[in-house]
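Residue-level structure breakdown
Here are the chains, one letter per residue:
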Amino acid sequence: MFAEELAGNAGRKRAEANRAKRRQLQQKNTQQNTSATAVEAKTRSPGTPGAMAVSILGSSTTVMAASTVDTPQSSTTGTAKATVQSLSTQPNAALSSMTTATSSLSSAIACFPAAASSSALSGRSRQMTALERAEEQRVLRAAEAQQRKAAVHIQSFLRCCHSNLVLFQQNQQLLQQRLGDLQMLKDILKQKKGITYVPPPATTTSLVRILLYLAYRTGKGTGNKRMLRLEAQGKVQEFIQQMIQLSFLPSLRVNNSSNGDSNSSDMNPFHVWMESNEGRWRFKALIHLCMVAILNPKSTDESFSSCLELLREVTESETDTAGTKSNSSGVVHDSGDPVIFVRSLLNPKNPKFDLINPPSSSNQKDYHKNHNRGNDGMMAPIYDASTLWSVDFVATVRYYLLFLAVNGSMPIPPQAESLRQGCISDKARQRAGSLVEFAWKNQDCATVTERLVRFSTHVLTVPLLIWKLPASTLSFLLTSCSHPAIAIPPFFQMIDAVSKQFAAQVASLDAFLPSEDVPLTRCPATNTQCFLANLVQIGRLSSDVNGNSSTTIKFSSGRINFRWAQCYIDLLSVVLDAIPVRTFSTRESAVVWISDGEGHSTPIVLSAVVLDQCKSLFVDSYVRNLLSNAIDANRLDIEKVLQSKNDKDKETEQSLASEAGLSAISLAAKESRIDRNRSFWNSSKWARKVSKGVVGLLSSSGNSKGNGNLRDDDSGVLKDTSSQSRSLASGSGDEPDKASSSREDYTPELLLSLCTMFSVVLARWGGGGGRDEIGGKQVALTNHQRKENRADKATATSFPESFTLSLLNTICFSTQLVKATWCLIQNHDPTAAGVEAVYDPEKGQVPVRQLSCISSNSHMTTKQAATSPSTVATNRGASVLYMFTAALSHTLIVTDDVEIHDFDRPLPIHQIRRVIKVLKKLLYRACSLDGEPSGPASTYFGLALVSSSSRSFRDLYDRSSRRPLCLPKSWLEPGLLEKEIKACNTHADYVSLLSSAPVLRICPMLVSFKRRLLLFVKIVRTNREELQGVNSPNPFNPNPLKPARVAVINRGRILEDGLSTMNHLGSRMRERIAVHYVNEAGAKETGIDAGGLFKEFWTDLCAIAFDPNYALFQVTEGAGNCMYPSPMSSSAHGRDHIVLFEFLGRILGKALYEGITIQPRFAHFFLSFLRGDYNFLRMLPDLSTIDAQLYNNLMFLKTYDGDAADLCLTFTITKDDFGGTREIPLIPNGSNIEVTNLNKQRYIGLVAKYYVVDQIKEQSEAFTRGLWDVVDPNWLRLFNEPELQVLISGPSDGKIDVEDLRRHTRYAGGYTSIDRNVARFWKVFASLDANHQGALLRFVTSCERPPPLGFASLNPPFTIQRVGIMRDGDKLPSASTCFNILKLPTYSSDKVLRERLIYAIESGAGFELT
C-alpha cells in the first residue's frame, strides 16, 4: 500500500470517487426542480381555482382581483378603496358587477386549497418524506386561512360600498323630490294668493342635512373629519342654488323687513343653528359650499349670483350686539348673532389655511391636534366649527383674481402681451368686480384698519388688476364713499392705510405685502411690481390725482384733490424705492435670477405687460399734467423771488463789472500769481482763530436778518420766456401755457411729493446712484443684503436708462420745475431748512452719501418731521435739491451762453451765483468733511445727489471759463488741501493724493488754481528726479544725474531732425535729453547743453510746427487766434500727418514735463480733447469759434418759425476740395433725407459734430496719444481749459510782470539791487514793449513766456551777473540759458544799454554771439 501511495494510485482513486458523488447530486437536484415546475404550472392553469378567481374578479376590477391571490390585507384594502371610488361614477353597473363577483369569488376560494393540495402531493409523493409532507400541509392551510380572511374583508367592504351608494342615490332622489315640492308649493301660493312661501327652519335644516351628506364624506384617511366630495360638486351646486332661492333668501328677506318682529325672526334658520355646535358646523359648512361654488369656474351665472347674494344678505342683516362675546384680542366668539359669526368666518384673525389649499396629509395630524379643542379648552365634538379650514374671503378674492379670472394656472396669461385686455373674458371680469365690491362693502374695510391694509395689499398686488375688473368696479373704487362717516373713495382709503402702516413700522415695504404665495416661476412679476403697476393704472384714471376727466369712468369732479394726490404720490415713492432695479430696464426683456438654495440660479423673464404698465407713469403728457397742477407761479411768488437782490449780490456785480475786460484765461493767470499762502490771515494760526471767531459771532447775530430778503412774501406771475429751441427740444412745437388762476386750496406739498418721487426714479435709474464717485467704485452689497436676495432693491443703475432722458426733457422743457424748486429752496422755510441740513454739518448730522429720500427710519431732523404733513417719512429738502440740480444740469444742455447772460435763462445771473455757493458747500462737505462712510453704507440717493451736484457745478464752471459768471474766488474753498500737499514728499505721495482726495477728482475747482498748479509741478518734478536724477554738488548724492540721450539738431532742419531722433522714444521722452546744435555751415556749436540748449530747441521746434503756414494747425476766426488741428493736414503732408501730430503731442508733453512754456494758444474745444473729457453738448458754442457764419445760419434754422422744408436742406454738407466741391452725407443716405421741423434739431447737432469733432478726430486722437505718452491724463484733469492753457503757455496777455521778475532776481559778479547799473537795467526793461520783453526773457531763459506760477518758481532763478568793460563797445550782453544768467556789461547810459540789449536779442547768433 505504501508503494501504491508512492506511485500515486490512491490519489487517483479518491478523485474519481468525488466526481461520482457530484454527478449523483446534480441529477437529484435536476429531478426535484422538474417536479416543482410541473406542480406550479398545474396550479396556474386556466382550470384551477386561482385562475378562476382572477377571471371572475376581473369583470369587476382587475386590481382588486389580483390582490385576492397574493396581496397582503393592507394592500387589498387600499386597492378596494380605489375601486369603489372608480365605481362611484357608475353606481348601477357597479352594483351588478359586485354581486356577480362576490358569488363567484366564494366558490373559487372554496375549491382552491383542495386542488392545490392534490396537485402538490401527486407531484412529490414519491420523493418527499412524511415530515416534509406535513410541513407542506401546514403551509397550505395557512394560505387557505389568509385567502378566506381577505375574501371576507373584501366582501364586507363591497357590501358597505354598495349600501353607501344605494343610500347616496336615495338621498339624492329625496332631496331632488323635496326641492321640487317646495318649488311647486311656492308657485301655487304665488299664483293663487300672491304671497311668497317661506319654509320653516325645520324644513330648511332637514334639507341642509341631506345636502351636507351629499357634499361631504367621512373616512379613516381624513381623521374622521368631513371632507368635500369633489366628484359630486356639479349636482351639489345645483341643489345649493335651488335651496338659496327657495329657502334661505325668502327667510332672510322676511327677517330683514320685519323690523325686530319676533315671529318673523323665528323664520330665520340661522338663529336656530347658532344654538348648538352642530348647527354652527352646519352653518360654516354651508358658507364653505357657497365659497366653493363661487370659485368654481364651471358654475353657472345663476349659481354664482345666488351664492354671492346669500353671503350679502347674511352679512347685511341686522346684528344683535347684546349677545356678542369677545376675548382679550377683540375677536368675537360664541356670539348668537349669525351676522357676526359669518363675518368672523370670512375675516379670520390668523388664517392658516385658505379655501383652496386644505391641510395636506403631512400636516393633517398636527392641524387637527391644534384645532379640535373648544373655547373652554376641552375636547370639542366632531361638529365643532373649527374642524373645517378657513374660508377667508380676502384670500378667496385674491385667488380668484390670480387664477380663475384668467381661466388658467398662470396669473399672467401667456397671450396677454398680444391680446391685451382680450385675454380676460367679460364673464370673469364681471364676477371679479362683484367679489371685490362685496369684499369692500361687507367686510368692514372702511372702519377696521388691519382689514383695510390686508385688503389693499392682497388686491392691489394682483397682476393686471385693471384688466380683470370692469369699469363699474373701478368707478366704485375711485368715486364712491361706502361708509357714511368717511367721505373718501375706497382707493384713497387703501393708499392712506398702507402709507400710515408703512410710516409706523421700521420694516420694509415687503413686510406689508402678501407673502410669496405665487412664485416667480408661475407669475413673472414681483408683488412690488404688480403693486406699482396697479397704483399707476388706477391713479391715471382718477381726476383727484391728475385733474382730468376720463372717457372710461365718470368722475364727480374734474379738479385735483391736493391731499389725496399727495398721499398717492408719497406711496408711489415708497413703491418705486422698493421695486427691483430691473423693472425699468431698456433691454427687450428684463431678467431676474432666482436661487434654489443649492448654488444654482434660474433666469426668469419678467412680464413685459406688467413692466409696460409701470412705465406708463412716465408718459410725457401725464408727467406734464402732474407738474402743471403742482406748480402755481402766483402762490409760489416765483417772479419776485427770482428777481430779488440783496446787498451781497449787488456788490458781486460791481466787482465783476470791474474785471469785465479780462478773459477767463487772464483771470486764471491772475489768480495763479496771487500768493495766498503768504497772506497774514491765512499763514498765521492765531489770526485764523481770531477771524473764525469773529465770523461766527457775526453770523450768529445777523443770520435771520441776512436771510430775510430770501423769503419775501409778494405776488407775481412768472411769464413764459422759454426760447423756441427749448420747446423744440421737448418734442412739441409750442411751450404749454399754464398761467391758470390760483386755487385757494393750493399747497406746495404736492410739488414736494412729486420731487421726492422723481428723485427716487432719477437717482435709481439715472446712472448717478449706481457708482460712488467719491470712493471711485461701484456700489457693493452687504452680506446681509445678499442673503435676503435684495440686490435689485439695494442698487441702482450705473448708466442712465433711456426713459430718464425723456423724463428730464419733459420736466425741464415743458414745466417750470427749475424755477419752482429753486424758489422753494429760497423762500419755503421747511425746504430751506432741509437743504441747509444737507450741506451744513452743524445742522445735519447725516453724511451726504448716506442721505435717503424715502425711509421708514428717516434721516430727517425733528423739525422736519414735525413740519412734514406726509404720512411717509421723507427728506423733502434733499429731494428738492436733487431735482433742482438734475433739472438744471439737463437744462443747461440746450442753453446758450447768450441766453444765460442776456436773457436770464434758466435763472437770473445773481441767482446762479447763489446756486454756485450752495453747490460748493455741498460738494465741499461730501468730498472733504464727511470722509469715508461709517456704519451704514452709502445710499443710491446720496450718491446720485453728489453726482448731479458735481455735474451741475462743473457745467457752470465750464461756462464761467468761457465767460465769467462770478469772481474766481467764488469757486474756491480757502485752505483746501494745503496741509495735505505739504505733507507729501515723494512722487508716490503726490500721485496717491490724486486718488485719495475726492475733491481733486470730482470738483478740483474748489482748490485754488495756484495750489493745483503747485501740485502738478511737484508731481512732475519728483517724477523727473526719479527718472533723470538730481544735479547736486553733494558728493553723497544718492540719486546722481543720469546720462542724457544725445540729439544732434541742425538749425536748418529742426523739425525733421527732432522727428527722426526723438519720436521713436515714446514714453521714454521723460528721460534726460541733451541737444547738440549744428550751425548752417555744418559745424557743431560751442554751447554745452545743461538745460538751456534743450529749452531753446523746444521753443524753436514749437515755433515751426505750430505755425499755421505749416498746414498742421489753423487758427480760429474770432477767439484770439487760437489753434486747432487743420482738417486739411492730410492733403499737405500725406500719410505722415498722423505721425507728425503724435510727435507734436509728445513735444507738448515734454514741454509740460520740463516746465517749459511755449507760444501756441489752443482753442477751447481742442484743450478739452487734451484733457480727455470733451463735452459733446458744447459743440454749438465751439462751432462759433471755428465758423461764425455757419453758426449763425444754424441758429437761424433753430429758431425758424416757418417750415424748415422750404429751405431745401438735406442731411449733407458741402466742402471745398482744391477748387471743387464735395458733398459729404451726415447719415447714411443723407442726400435723400429732407430737413424738416421734426428732425432739424438732429441736423443742427450733426453739422456741429462734423465740424467740431469728426473732421479733426483723427488728428486730435493722434496728438492726444503723443501727449499722454509723456504726461498722465489724470494730471491734466486737475485743470479746466483756460487753466490748462496757462499751464502750457503762461498768461495770455503776453505781458511780463516786471515787478515780480525784479522781486525774484538774484545778482552776481558784484551787482546788488541798489547798484546804478541794475537800476538802469530795470528802467530800460520796463520801457520795452511786450515783444522785446519776451525776446529778452527768451534770450536769458530760452522761454519767452513767464512760468505759470510766476518768477518765484523759475529754477534756476533769474540772475544778473556784472561784466566790467572799459568802453561801451567792448562787449554785448550775453546769457547762459542753462542757468538763466544775464551777463550785463556796465554801460554808461540808458540809451547805450537799450541799444545793446535790442541788438543782442535780435541778432539770433545763438551760442556764437560771444
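A brief report on the enclosed structure follows. (Residues numbered from 1 in each chain as written. Predicted model: local features only at pLDDT ≥ 70, side-chain atom pairs only at ≥ 80, totals over all residues. Heavy atoms only, no water.)

**Details of the overall build of the protein chain**
Rule in force here: Strands here mean DSSP runs of E at least two residues long; helices mean DSSP runs of H or I at least four residues long; both are numbered from the N terminus. Contacts between residues were defined by any pair of non-hydrogen atoms, one from each residue, lying within 4.5 Å.
Scanning the protein chain for helices and strands turns up 64 helices and 18 strands. The contacts of the protein chain with a sequence gap of at least 6 include a subset with a gap of at least 24, amounting to 74%.

**Topic: the sheet that holds strand β17 (residues 1374-1376)**
Strand pairing in a sheet takes place through backbone hydrogen bonds and is either antiparallel or parallel in direction. The cut-off we apply is this: Any two strands with at least two DSSP bridges between them are considered paired. To get an axis, fit a line to the C-alpha atoms, keeping to the stretch in contact for a helix; angles then go from 0 to 180 degrees between the N-to-C directions.
With mixed pairing, 4 strands are arranged side by side in an open sheet as β15-β16-β18-β17. Looking at strand neighbours, the two that pair on one side only are β15 (1306-1308) and β17, the edges of this open sheet. The mean inter-strand angle of the sheet, taken between neighbouring strand axes irrespective of direction, is 25°. Here 5 bridges tie strand β16 (residues 1359-1363) to strand β18 (residues 1381-1385), and the two strands are oriented parallel to one another. Note on β18: the bridge partner recorded for Val-1363 is Pro-1385. Of the strands in this sheet, β17 and β18 touch helix α63 (residues 1330-1341), which is tilted by about 50° from β17.

**Quick word on the packing of helix α27 (residues 620-630) against helix α38 (residues 802-813)**
Put simply, the rule reads: For classification purposes, an angle smaller than 35 degrees is called roughly parallel, one larger than 145 roughly antiparallel, one from 65 to 115 roughly perpendicular, and anything else oblique. Less than a right angle of anticlockwise turn of the near helix away from the far helix marks a crossing as left-handed, whereas a clockwise turn marks it as right-handed.
Remark: α27 packs on α38, axes separated minimally by 9 Å, with the N-to-C direction vectors making an angle of 40°. If you check the angle between α27 and α38, you find them oblique. Considering only the axes of α27 and α38, their crossing is right-handed. For the pair formed by α27 and α38, the contact residues are Asp-620, Val-623, Arg-624 and Leu-627 on the first element and Ser-806, Leu-807, Thr-810 and Ile-811 on the second.

**With respect to unusual backbone geometry**
Selection criterion: Note on exposure labels: buried denotes an accessible area under 20% of the residue type's maximum, exposed denotes more than 50%, and partly exposed covers the range between, all computed with a 1.4 Å probe on protein chains only.
In this structure, the amide linkage connecting Arg-905 to the following residue, Pro-906, adopts the cis form with an omega of 0°. Following the sequence through the fold, Pro-906 ends up in the loop between α43 (897-902) and α44 (909-929). A positive phi angle is found at Asp-904, which is not glycine, with a value near 55°. With respect to the helices and strands, the residue Asp-904 is situated in the loop between α43 and α44. Since its relative accessible area comes to 32%, Asp-904 is described here as partly exposed. In the Ramachandran plot, Leu-977 falls in the positive-phi region, its phi being about 65° despite a non-glycine side chain. With relative accessibility at 7%, the residue Leu-977 sits in the buried group.

**Quick notes on helix α53 (residues 1137-1154)**
Applied cut-off: By definition here, a helix of n residues has an expected span of 1.5 Å times n minus one.
For α53, spanning 18 residues, the distance from its first C-alpha to its last is 25 Å, which sits close to the expected 26 Å at 1.5 Å a residue. Summarising burial for α53: 16 of the 18 residues are buried, a large majority. One or two positions beyond α53, positive phi appears at Gly-1155, with a value near 75°.

**Describing the packing of aromatic side chains**
Applicable threshold: A pair of Phe, Tyr and Trp rings is counted when the ring centres sit within 6.5 Å of each other, with Trp represented by its six-membered ring. The angle between the planes then sorts it: under 30 degrees is stacked, over 60 is edge-to-face, the rest tilted. Charges are assigned to positions over rings by a cutoff of 6 Å between ring centre and Lys NZ or Arg CZ, combined with an angular limit of 35 degrees from the ring normal.
Applying the stated rule across the entire model yields 42 aromatic pairs. An angle of 85° between the planes, with centres 5.5 Å apart, marks the rings of Phe-1211 and Tyr-1243 as edge-to-face. Of the two residues, Phe-1211 is situated in the loop between α56 (1188-1198) and β13 (1212-1217) and Tyr-1243 in helix α57 (residues 1240-1252); the sequence distance between them amounts to 32 residues. For Phe-1211, a relative accessible area of 1% corresponds to the buried category. Here Arg-764 stacks its cationic end above the ring of Tyr-940, 5.7 Å away from the centre of that ring.

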